[in-house]
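Residue-level structure breakdown
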Amino acid sequence: MSWLLVVTGAMIGAPLRYLADRAVQARHTSGFPWGTFTVNVAGSLVLGLLTGAVIAGAAGSRLALLLGTGLCGALTTYSTFSWETLRLIETGARGRAAANVAGSVLAGLGAACAGLALARGIWP
Amino acid sequence: MTLPKTRARPTRTAGFLQGRVVAAVALGGGAGAAARHAAAVHWPTPAHGFPWTTLVVNVAGCALIGLLTVLLTEARRTPHPLLRPFLATGVLGGFTTFSTYTTDIAGLLAEGHARTALACLVVTPLAALTAVWLAARATRGLLRGRA
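Residues numbered from 1 in each chain as written. Chains lettered and ligands numbered in written order. Predicted model: local features only at pLDDT ≥ 70, side-chain atom pairs only at ≥ 80, totals over all residues. Heavy atoms only, no water.

Attention shifts here to the interface of chain A and chain B. Size of an interface: often given as the accessible area lost when the parts come together. The partner chain B presents 47 residues to the 44 residues of chain A that form the contact. Summed over both partners, the interface of chain A with chain B buries about 3500 Å², with 74% contributed by carbon and sulfur atoms. Its largest share of buried area at the contact with chain B, chain A owes to Y18, Y78 and W83 of chain A, together 21% of the area lost on that side. On inspection of chain A and its partner chain B, the count reaches 1 salt bridge. Where the side of chain A that touches chain B is concerned, the elements lending two or more residues are α1 (2-27), α2 (34-56), α3 (61-75), α4 (79-90) and α5 (94-122) of chain A. By residue number, the principal contributor to the side of chain A that touches chain B is α1 of chain A, which donates 12 residues. (Contact = heavy atoms within 4.5 Å. Buried area = accessible area lost by both parts, 1.4 Å probe. Salt bridge = Lys/Arg side-chain N within 4 Å of Asp/Glu carboxyl O. Helix = DSSP H or I, 4+ residues; strand = E, 2+ residues; numbered from the N terminus.)

Next comes the structure, spelled out in structure tokens:
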């Protein structure tokens, strides 16, 4: 059962990442990977909120597998983040590469912390 | 009067390919996430411990995307158009995760394990970038050697 939940969530999360990335990149011509940045930060916020809900007892393990391990896990990506950073370095955009790493890590962590804090506010 | 017909055809083909790409990404994403879940089940992270499993999964996925993308974009043979969406965007995108990385660190911080949180925060991107760089370099070397 847990496998089915993870795979179902991921089969929604992965194409959502692909479509969101295309939609975001279509609006930006800066060469900065805003699409991956956006899904990684958004996914961190949702997973932080969900983890807080699980800690508070408001969400069960099934929802955690479906939305956390499956959907958020597949919506966000480390491999594309690394590849896009490498491409920025290789094309001489070292400043943008550094900004992508620092920005993604800090904004992602901030979003996850905000999600946890939000859950504590909703389910005290 | 033939103009609408000839204009409609490429749009429909593009839409058809787009639909197949989304399906390939979904299937690959499901497989990648199942593999990540298997790793988490076999090597569970102890409470308040360093999240090694997520680190290893992410670093392995980064090495694989370096190898794969160089093979698919820089080799002489043109790959099938669905191969990169399925394997890179789908399987490796579903296998690796950014949200578990950030949420694990947020959890460690909230529980007062700042040193473990900071170590994970810094080590993961350094190891991931080293892995993708080394894998891309090694694959390019192999491709040049065969050319």
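Residue and element names in this part refer to chain B. Confidence in the prediction for chain B averages 92 pLDDT; 91% of positions are at 70 or higher. Predicted confidence for residues 1-8 stays below pLDDT 50, and this span has 0 contacts to residues more than four positions away or in other chains. Model confidence for the complex is summarised by a pTM of 0.93, with the ipTM given as 0.97. (pLDDT = per-residue confidence, 0-100.)

So, about the UniProt feature "transmembrane region" (unreviewed entry) in chain B. All names here are of chain B. Under the UniProt annotation, "transmembrane region" (unreviewed entry) lies at residues 50-73, 85-110 and 116-136. Structurally, residues 85-110 comprises 88% helix and 0% strand, and the distance from its first C-alpha atom to its last is 37 Å. As a span, residues 116-136 carries 100% helix and 0% strand, and end to end its C-alpha atoms are 30 Å apart. (UniProt positions renumbered as here; feature names shortened; annotations may be inferred.)

Each aromatic ring pair is specified by the distance between its two centres and by the angle formed by the two planes. Taken as a whole and judged by the stated rule, the model has 9 aromatic pairs over all chains. Considering the side-chain rings of Y78 of chain A and Y101 of chain B, the 5.2 Å spacing of their centres and the 90° angle between planes classify their relative orientation as edge-to-face. Taken together, the positions of Y78 of chain A in the loop between α3 and α4 and Y101 of chain B in helix α4 (residues 99-110) put the pair across two chains. Judged by relative accessible area, which is 0%, Y78 of chain A ranks as buried. Its relative accessible area of 2% is what places Y101 of chain B among the buried residues. Clustering of aromatic rings is evident, with ring pairs tying together Y78 and F81 of chain A together with F98 and Y101 of chain B. (Phe/Tyr/Trp six-rings, centres within 6.5 Å; stacked < 30°, edge-to-face > 60°. Buried < 20%, exposed > 50% of the residue type's maximum accessible area, 1.4 Å probe, protein only.)

The next thing to look at is the packing of α5 of chain A against α4 of chain B. At a minimum axis separation of 8 Å, α5 of chain A and α4 of chain B run at an interaxial angle of 60°. Here α5 of chain A is positioned oblique relative to α4 of chain B, judged by the angle of their axes. For the element pair α5 of chain A and α4 of chain B, the recorded crossing hand is right-handed. Taken together, the residues of α4 of chain B that come into contact with α5 of chain A (itself represented by V105, G108, L109, A112, C113 and L116 of chain A) are Y101, T102, T103, I105, A106, G107 and L109 of chain B. Looking at the contact of α5 of chain A with α4 of chain B, its residues break down into 9 nonpolar, 4 polar and no charged. (Axes fitted to C-alpha atoms, helices over the stretch in contact; angles between N-to-C directions. Parallel < 35°, antiparallel > 145°, perpendicular 65-115°, else oblique. Left-handed = near helix turned anticlockwise from the far one by under 90°. Nonpolar A, V, L, I, M, F, W, Y, C, P; charged D, E, K, R; others polar.)

Moving on to the UniProt feature "transmembrane region" (unreviewed entry) in chain A. All names here are of chain A. UniProt's entry tags residues 32-56, 63-81 and 101-123 with the feature "transmembrane region" (unreviewed entry), counted in the numbering of this structure. Its end C-alpha atoms 38 Å apart, residues 32-56 is made of 92% helix and 0% strand. Helix makes up 96% of residues 101-123 and strand 0%. Its end C-alpha atoms lie 33 Å apart.

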